[in-house]
Amino acid sequence: MHRVAWLIQVEGASPNSILAVTFTNKAAAEMRGRIETLLGIPGSAMWIGTFHGLTHRLLRLHWRDAGLVQAFQILDSEDQARLLRKVLKALNLDETRWVPREILWFINAQKDEGLRAKHLKDNGDPTRHQLIRIYHAYEEACQRAGVVDFAELLLRAYELFQGNASLLHHYRSRFQHVLVDEFQDTNAIQYKWLMLLAGPAGLPFAVGDDDQSIYRWRGARVENLNQFRRDYPQAVLYKLEQNYRSTGTILKAANALIANNAGRLGKNLWTSGEDGDRVKLYAAFNERDEADFVVGRIRDWVARGGSRREVAVLYRSNAQSRVFEEAFLNARVPYRVYGGLRFFERAEIKDALAYLRLVASRADDNSFERVVNLPARGIGAKTLDVLRDLARVHGTSLWHATEIAVRESLPQRAAAALTSFVQLIDKLAVEIAGLELHEQVDHVIGVSGLIEHFKKEKGERGEGRVENLLELVSAARGFSPEGETDMQPLESFLAHAVLESGEGQADPYADCVQMMTLHTAKGLEFPVVFLAGMEDGLFPHQRSIADLASLEEERRLCYVGATRAMRQLYITYAEQRRLYGVDQYGQPSRFISELPPELIEEIRPRLQVSRPAFVKRGAMPEESPSTGGMRMGSHVRHGKFGEGVVLRFEGSGPHAQVHVNFERVGMKVLVLSYANLQVM
DNA sequence: TACTATTTAATTTTT
DNA sequence: TTAAATAGTA
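Peer 1: Mind showing me how you'd approach the protein's contact with DNA strand B here?
Peer 2: Looking at DNA strand B, there are 31 residues lining it, with Asn-25, Arg-316, Arg-342, Thr-517 and Ser-544 nearest. Sugar and phosphate atoms form 56% of the subset of DNA strand B atoms that lie within 4 Å of the protein. A distance of 2.5 Å separates a phosphate oxygen of DNA strand B from a polar backbone atom of Asn-25. Between a phosphate oxygen of DNA strand B and a main-chain N or O atom of Asn-318, the distance comes to 3.0 Å. Sorting the residues of the surface near DNA strand B by element identifies helix H16 (381–394) and helix H23 (518–521) as the ones contributing at least two each. When its residues are assigned to classes, the surface near DNA strand B shows seven nonpolar, 16 polar and eight charged.

Quick look at the structure:
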């Protein structure tokens, strides 16, 4: 941001000549806002946005040159999967052999590399041959339907520049200054696009950190950093090693951890600030104990004057959030979970949008299929099969196929149902013409019967869905299209809904504990950070352990997590964890042993675990009696039974029980206060 | 065709 | 455990 300010204020660059690109809408919005504050001028002359946002803008402006229809729609991942399934069905392929998710992965990976089906060779591999064939069919289906997926936005924009010298020349001379954030996350096609735009004589400016590259699995290439230096030998490298965020201890720990990775560009963070507390390590008995520990520490923090929003609980996978949510709920600690499904990805919202899309463009087969029988109006799989066949034979949309079907080949009942659906959409189109955007949305969700349909859904779920639909109306009310587009408000709202899936900006000021995955935490900072679930198999994840490159990515993820912390860093793991309904006994994460021991302070577990949920609050003693450091797995001696291993604790207080497996006599359940066990 | 019961499989995520 | 996909029944 200061670079932009410098360019404009000192070097006298025109705001028009600046293009700045980031990965998330949030980052783009922040960048724009801060530049405006910094310069005191509106940022609208500059192109600031995400890769997808900017390429989308380009394609809207030059849709004809890009080989698209003017009203092209964007598919989100779910729509994409839907379309692919249809393609697979049309090709008569078995979904158990040709798994849609894997094929989607393949197609997206190719696009991320800038490769189209026609560029690929099967090398005599029949599986690959088939994949390429599917990719071909998928491309055709997209083209026919006038839709582009996320990866396609970038690929198209690249091809647009590559195949159109005068256009490229125009943008090259306009954007003298190309700036990129989070450069380590760029994939092949993004890099190619940027280099094409900047040109060999250009002066692109990139900011990145190879140690924070955590998206290799979705096509990001750290190598782009080195490639950049080869492509621009005149480029100057600045290392920003002084850190103004974390304490010295946290930085030392993070440096030690990341030093285990090979092939880094290399840097060593330092601070002029104080060392601060040691990293605290807690070994929990199980995932509940882990959550209770975190809750307890947060209470302490708050009791000492801290606020909850300063605390973040970070975990490797979303499934881990549940236990924490329960614990927070129990302890009445407000929290907020980031991630999960976003507003515009909710089923009911997508249903409403599908109605709107269909009204805007009848040829939108995806939307047609989504809502033709929602609410249920007697149009089932059979009828749809007929429609799909007709559409394929005649090479038209499903909408058009209904006309033929109603005339020719349908039973009375289905024909009547279809007719009423067609009339409904036509009626909606007439009725909303000329209305304000939010009135259009309001009208459609009411008249389509969606509201009624979700009201019938039992329980809170239905209520929530209705609320979300109403929220969609307010979202429409607050929507103002940006940029110089000549699109209809409705169209531009629909595109916005796909590109900006709507990370709920709900009450950012609420004082909540923040919960999110490590990936989501990148770019954020918190005074207190808990890295939870630090067990081998969970973090590093089981699927990343065998392969060195993936393991290093996990280590970078851990590095990212640790460096989120400003003052306090807690690391916790559970000796026993119930995952997917099965109990597992894991080892502490190997990353823990990579931290210098002198930076770590181990916190001994208190003894009274097992089922805190069944114990009344307040009934729990602060300290349990005479356990003398005994814990699960401890070797103990009993006066009569001899030596054994502690397997489990149950209950608390004077009746707390302990399960011990003795060498001579096997399993025994003993009352702790009478057993007189001796820890060995 | 609509609804309910059963089976199945399971990182990480933005756009 | 749980959500989603599929099979089975009214």
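Peer 1: Looking at this model, I keep getting lost on empty space enclosed by the protein. Mind explaining?
Peer 2: Any empty space left between atoms is shown by rolling a water-sized probe over those atoms. If you walk through the whole model with that rule in mind, you get four cavities of 30 Å³ or more. Roughly 120 Å³ of volume is contained in the largest cavity. Around the largest cavity sit 13 residues that line it, and Asp-79, Arg-357, Asp-364, Asn-366 and Ser-367 are the ones nearest its centre. Where the lining of the largest cavity is concerned, the elements lending two or more residues are strand E3 (73–74), helix H4 (77–90), helix H14 (347–360) and helix H15 (365–371). Among the residues forming the lining of the largest cavity, the class breakdown is four nonpolar, three polar and six charged.

Peer 1: It is not clear to me how the packing of helix H8 (residues 165–174) against helix H9 (residues 188–198) should be interpreted in this structure. Could you clarify?
Peer 2: Between H8 and H9, whose axes approach to 8 Å, the crossing angle comes to 80°. Taken as axis vectors, H8 and H9 run roughly perpendicular relative to one another. Within the contact between the two elements, H8 uses Leu-168, Tyr-171 and Arg-172 and H9 uses Leu-196, Leu-197 and Ala-198.

Peer 1: I tried to follow the packing of H14 against helix H22 (residues 489–499) on my own but got confused; where do I start?
Peer 2: Between two packed helices, what matters for the description is the angle formed by their axes and the separation of those axes. Relative to each other, H14 and H22 sit at 140°, their axes nearing to 11 Å. Classified by the angle between their axes, H14 and H22 sit oblique to one another. As for the relative orientation of H14 and H22, their crossing is left-handed in sense. Listed contacts from H22 to Leu-353, Leu-356, Arg-357 and Ala-360 of H14 are Leu-490, Phe-493, Leu-494, Ala-497 and Val-498. A breakdown of the residues in the contact of H14 with H22 according to their chemical character gives eight nonpolar, no polar and one charged.

Peer 1: I would appreciate a short explanation of the protein's contact with DNA strand C in the present structure.
Peer 2: Residues in close proximity to DNA strand C include Arg-322, Tyr-580 and Gly-581, which together make up its full environment. For DNA strand C, the fraction of atoms within 4 Å of the protein that belong to sugar or phosphate moieties is 25%. For DNA strand C, a phosphate oxygen lies 2.8 Å from a polar atom in the side chain of Arg-322. Separating a base oxygen of DNA strand C from a backbone N or O atom of Tyr-580 is a distance of 3.4 Å.

Peer 1: Would you explain helix H10 (residues 223–231) in this entry?
Peer 2: The periodicity of an α-helix, 3.6 residues per turn, causes residues three or four positions apart to be oriented the same way. Here H10 has its buried residues at Asn-224, Leu-225 and Phe-228. Down the axis of H10, the sector holding all buried residues measures 110°, keeping them to one side. Buried positions along H10 lie against H9 and strand E6 (205–206).

What counts and what doesn't
- The residue numbers shown here count from 1 along each chain, following its written sequence.
- A letter from A marks each chain and a number from 1 marks each ligand, given out in the order of writing.
- In keeping with the model being predicted, local features are shown solely for residues with a pLDDT of at least 70 and side-chain atom pairs are shown and tallied solely at 80 or more, while totals for entire chains, interfaces and linings include all residues.
- Computation of side-chain values: all heavy atoms of the structure, hydrogens and water removed.
- Nearness is defined per residue: one heavy atom within 4 Å of the molecule or strand is enough.
- Here a polar contact means two N or O atoms within 3.5 Å. Within protein one must be a hydrogen donor candidate and the other an acceptor candidate, and residues neighboring in sequence count only if both atoms are side-chain atoms.
- Counting from the N terminus, the helices are DSSP H or I runs at least four residues long and the strands are E runs at least two residues long.
- Each residue gets one of three labels, nonpolar for Ala, Val, Leu, Ile, Met, Phe, Trp, Tyr, Cys and Pro, charged for Asp, Glu, Lys and Arg, and polar for the others, Gly among them.
- Lining residues are defined by having an atom within 4 Å of a point belonging to a cavity or pocket. Those points lie on a 1 Å grid over the protein atoms alone, cavities being sets where a 1.4 Å probe fits but cannot get out and pockets being open sets with protein on both sides within 12 Å along at least five of seven lines.
- Grid points are joined across faces, edges and corners, and a volume is the space filled by probe spheres set on the points.
- Lines are fitted to the C-alpha atoms to define the axes, a helix being fitted only along its stretch in contact, and any angle between axes, read from their N-to-C directions, falls within 0 to 180 degrees.
- Just so you know how the angles are binned, under 35 degrees is roughly parallel, over 145 roughly antiparallel, 65 to 115 roughly perpendicular, and the rest oblique.
- Residue contacts follow a heavy-atom distance rule, with two residues in contact if any of their heavy atoms lie within 4.5 Å.
- For a crossing to be left-handed, the near helix must be turned anticlockwise from the far one by less than a right angle; the clockwise case is right-handed.
- Any residue under 20% of the maximum accessible area for its type is buried, any over 50% is exposed, and the rest in between are partly exposed; the area is computed with a 1.4 Å probe on protein chains only.
- What the arc measures is the spread of directions leading from the helix axis to the C-beta atoms.

These figures come from the coordinates and say nothing about function on their own.
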